[in-house]
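Residue strings, one per chain:
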Amino acid sequence: MQQFNHKHRRREVGGVGMYSRYCFSVVVVLTFLLIMGCSQTKSSTSSTVQEANKQIVVAVTQDTEGDKLDATTYNGTRQTHAAVYDALVEYEGEGKIAPSLAESWEVSDNGKTYRFHLRKQIKFSDGSPLNSAAVKFSLERATSREENAGLEISRLLKKIEAPDDNTVVLTFKETATQVLYELSQARPFRIMSPNSVIPVGDVNGTFDKAIGTGPWKIDSYHQGVETVLVANEHYWLEKPSEYSLVFKVITDPQARVLALQSGEADLAGGELGNIPAESLSVFQNKDKYVVETGTSTMSYFLVINQNNAFLSDKNIRQAMNYGNDTNKYADGSSDPIKGLFQKNVAFVTDDNQPFYPYHPEKAKQRIEASGYKWNEKKQLYERDGQILQLRLVIQTEEYPEWKEMAEIFQDNMKQIGIQINIVNKERAAYYDTLWSSKDYDLLMYRTYTDAQLPYRFLSSLFYSSPSTPGVAYQDRPLSDLLDQIASTVLAEKQQALFDQVFLRMHEEAMSVPIYYAKQTFVHSRELVGFTFNAIEDDPVKWHRLKKEAQ
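Residues numbered from 1 in each chain as written. Predicted model: local features only at pLDDT ≥ 70, side-chain atom pairs only at ≥ 80, totals over all residues. Heavy atoms only, no water.

**Q** Could you give me a rundown of the overall build of the protein chain, with the residues and numbers involved?
**A** Check the secondary structure of the protein chain and you find 13 helices and 25 strands. Its C-alpha radius of gyration of 31 Å places the protein chain more than 25% over the 24 Å reference for a compact globule of 550 residues. Along the first, second and third principal axes, the C-alpha set of the protein chain runs to 130 × 75 × 40 Å. Split into buried and exposed, the 550 residues of the protein chain put 51% on the buried side. Of the contacts formed within the protein chain by residues at least 6 apart in sequence, a portion of 68% connects residues at least 24 apart. (Helix = DSSP H or I, 4+ residues; strand = E, 2+ residues; numbered from the N terminus. Rg over C-alpha atoms; globule rule 2.2 N^0.38 Å. Buried < 20%, exposed > 50% of the residue type's maximum accessible area, 1.4 Å probe, protein only. Contact = heavy atoms within 4.5 Å.)

Written out as structure tokens, the structure reads:
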């Protein structure tokens, strides 16, 4: 028994020992795994935080088309083009042009020859050199594309020469006055590396990769989700950024507001991701946010469809202008509306844009002069049994403030007896309405910006040729004036012609000015270095942004 007991006890003692060692081992392993797990979790969390701290996330409305960002096309968003590609010259504002990749240039007296002298030692993001061959490649590729055929450089270019590595000469068939303005824009005449296409350097080659001299290069692209840009280590103008720049697609305006509040986005605003005006109070005078407001050259206005029987009558067009109380838009935050263009647009002076002051009685007189009678029951004007009503098309994906503005205009017109029916369309359908279907009476739109004003904007929307009617208005005298501007080199003579353009547009009431826009951005307070850029297509010096703990 004792032996048994002893043996049993020994077995028992031995079993307990083995169990204890087993338990000890399990505990050790579990503890190790727990520690490792915690360590990995902490490491993962820490890594995620570090990664977030090295990213600057911008909420944008549109996909960048980062896989199709050919500098010579209209693919992709303007801000992405400008982030990746540099221009030969820069637009400084109020019609002034400054050096960029070209450090200087000369224009012949007849406006037919432009000679550019390139800066030396500049490299593309792949390390290849910027030279005259690369400029010649880019411009020949751009001018060969049908989509650019309407631009002056494409229409009038005779030849491009590269007499040495740092000189490019453009020769035109006729006087060309818009060359420097067109070169300064975000697209389609910015300079890209011949290595961007396959076969390399083939003007008609297949686009492969966005390679520019700008501060950024594309790191990754997820269609409809986000585009990640990283610093171009060869950037020549200022110190490259230490951060990655993420353009995150958030199409709904209120979702952009929530993204800023939650920290999902660091910055939003401007034309690339407007914040609704009614939501700005959420961020103003708050410790966590900064609201940045800058000047703009953009105006909001109504395009008029002359094919509408009511609107073919100048009296009705003038009545809408007299009856439009512009002080009501955006709580009167705009500068006083005096014509279609803002005062900082080239060729606009203090007194060369006549305008219609708010005068509802004059508005009613114009309507009655065209034979309309007041219908007391409906509180509207009518003629031949038809009430005076118009269909106003807007979109709010890019311009959320247009909904409120349309409603204010609707109320303004109600006061003078015109009924306005508002149609809010999805973005793509809206642009199709403007450029193709023309299924509108009135359409809220905006002017172009910067160097595209006023000539390119007017020639794009208000110019009619014998074969192609103007998009926004058709008027032969106006088109003749635009033709004269295109062939006039001297600025003084161009000024006199623009004076006549602005007067003609006023007399015929070719549009209804609504609001002079401003650039407004909201960002988290930890984001510092915010600086407006020279042009609105490239609104922010992204590479100067950095994060600092508050």
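Moving on from the coordinates now.
**Q** Give a description of helix α7 (residues 314-322) that names residues and reports values.
**A** Most of α7 sits inside the fold, with seven of its nine residues counted as buried. Among the residues of α7, Ile316, Arg317, Gln318, Ala319, Met320, Asn321 and Tyr322 are the ones counted as buried. By the N-cap criterion, in which a side-chain oxygen at the helix start approaches the backbone nitrogen of a residue two or three places on, α7 is capped by Asp313, the distance to Asn315 being 2.8 Å. (Polar contact = N/O pair within 3.5 Å; in protein donor to acceptor, adjacent residues only side chain to side chain.)

**Q** Tell me what's going on with the side chain of Gln178, and back it up with residues and numbers.
**A** For Gln178, the position within the fold is in the loop between β7 (167-172) and α5 (179-184). By relative accessible area, which is 5% here, Gln178 ends up buried. At a separation of 3.2 Å, a polar atom in the side chain of Gln178 contacts the side chain of Thr177. With sequence-adjacent residues up to four places away left out, Gln178 is seen in contact with Glu152 and Tyr455.

**Q** I'd love a proper account of the packing of helix α12 (residues 476-486) against helix α13 (residues 491-507), names of residues and values included.
**A** Close contact between α12 and α13 brings their axes to 10 Å; oriented N to C, the two are set at 165°. Taken together, the axes of α12 and α13 are roughly antiparallel relative to one another. For the pair α12 and α13, the crossing hand works out as left-handed. Contact with α12, carried on its side by Pro477, Leu478, Leu481, Gln484 and Ile485, involves Gln494, Leu497, Phe498, Gln500, Val501, Arg504 and Met505 of α13 and no other residues of that element. (Axes fitted to C-alpha atoms, helices over the stretch in contact; angles between N-to-C directions. Parallel < 35°, antiparallel > 145°, perpendicular 65-115°, else oblique. Left-handed = near helix turned anticlockwise from the far one by under 90°.)

**Q** I'd like a description of the packing of α7 against helix α8 (residues 360-369), backed by residues and values.
**A** Two measures define how a pair of helices packs: the angle their axes make with one another and the distance between the axes. As a packed pair, α7 and α8 sit with axes 8 Å apart at the nearest point and diverge in direction by 165°. As far as their axial angle goes, α8 and α7 are roughly antiparallel. Pair α7 / α8 crosses with left-handed handedness. Residues Asn315, Ile316, Gln318, Ala319 and Tyr322 of α7 form the contact with α8, whose participating residues are Pro360, Lys362, Ala363, Arg366, Ile367 and Ala369. Residue composition of the contact of α7 with α8, grouped by class: seven nonpolar, two polar and two charged. (Nonpolar A, V, L, I, M, F, W, Y, C, P; charged D, E, K, R; others polar.)

**Q** Before we move on, could you go through α13 and cite the residues and values that matter?
**A** Residue pairs three or four apart in sequence face the same way in an α-helix, which turns once every 3.6 residues. Here α13 is 17 residues long and its end C-alpha atoms lie 24 Å apart, about the 24 Å a rise of 1.5 Å per residue gives. Within α13 the residues assigned to the buried category are Gln494, Leu497, Phe498, Val501, Phe502, Met505 and His506. On its buried face, α13 sits against α11 (455-461) and α12. After α13 finishes, the residue Ala509 shows a positive phi value of roughly 50°. (Expected span 1.5 Å × (residues − 1).)

**Q** I'd like to hear about the sheet that holds strand β15 (residues 299-304), residue by residue, with values.
**A** Spatially, five strands are ordered β20-β19-β21-β15-β22 in an open sheet, and the strand pairing comes out mixed. What marks the edges here is a single partner per strand, and that holds for β20 (419-424) and β22 (511-516). Neighbour to neighbour, the strand axes of the sheet diverge by 25° on average, direction disregarded. Pairing analysis gives five bridges linking β15 to β22, with the strands arranged antiparallel. Note that in β22 the partner of Val303 across the bridge is Ser511. Sitting on the sheet, helix α10 (residues 427-437) touches β19 (389-394) and β21 (442-446), and the angle it makes with β21 is about 105°. (Pairing = 2+ DSSP bridges.)

**Q** Pulling in residues and values, what's your account of the sheet that holds strand β13 (residues 267-269)?
**A** A sheet is described by the order of its strands in space; here seven strands give the open sequence β10-β11-β12-β1-β13-β23-β14, paired in mixed fashion. The open sheet has two edge strands with one neighbour each: β10 (216-222) and β14 (289-294). Looking at each pair of strands side by side, their axes are set apart by 20° on average, direction ignored. Looking at chain direction, β13 and strand β23 (residues 519-524) are connected through three bridges and run antiparallel.

**Q** Go over the pattern of salt bridges with me, naming the residues and quoting the values.
**A** Taken as a whole and judged by the stated rule, the model has 23 salt bridges. In this structure, the salt-bridge partner of Arg78 is Asp537, at a minimum N-O distance of 2.8 Å. Separated by 459 residues along the polypeptide, Arg78 in helix α2 (residues 78-84) and Asp537 in the loop between β24 (527-528) and β25 (546-547) bring together distant segments of the chain. When its relative accessible area of 23% is taken as the criterion, Arg78 is described as partly exposed. Residues joined by salt bridges that share partners form a network here, namely Lys314, Arg317, Asp475, Arg504 and Glu508. (Salt bridge = Lys/Arg side-chain N within 4 Å of Asp/Glu carboxyl O.)

**Q** Talk me through the environment of Val257; I want residue IDs and the actual numbers.
**A** If you trace the backbone, Val257 turns up in helix α6 (residues 253-262). Spatially, the C-alpha atoms of Val257 and Ala59 are 9.3 Å apart, while their sequence positions differ by 198 residues. Not counting the four nearest positions on each side in its chain, Val257 is found in contact with Ile275, Pro276, Ser279 and Phe283.

**Q** Tell me what's going on with the pairing of β19, and back it up with residues and numbers.
**A** Of the pairings in the sheet, the one linking β19 to β20 comprises six bridges and is parallel in character. Each bridged residue has a counterpart across the sheet, and for Ile394 the counterpart in β20 is Asn424. Crossover connection from β19 via helix α9 (residues 402-415) to parallel β20: handedness right-handed. (Right-handed = clockwise from strand over helix to strand, strands pointing away.)

**Q** Outline the nonpolar core, listing residues and values.
**A** In terms of nonpolar packing, the biggest core is built from 77 residues, with Met320, Phe409, Leu442, Tyr445, Phe457 and Phe462 touching the most fellow members. In terms of residues, this core owes the most to one element, α9, which gives six residues. Filtering out sequence-adjacent residues up to four positions away, Leu442 remains in contact with Leu302, Val303, Ile304, Leu311, Met320, Leu390, Arg391, Leu392, Val393, Phe409 and Ile420. Counting residues in each nonpolar core, the second largest holds 29 residues, with Leu101, Leu130, Leu183 and Ile211 among its members. (Core = buried A, V, L, I, M, F, W, Y, C linked by side-chain atoms within 4.5 Å.)

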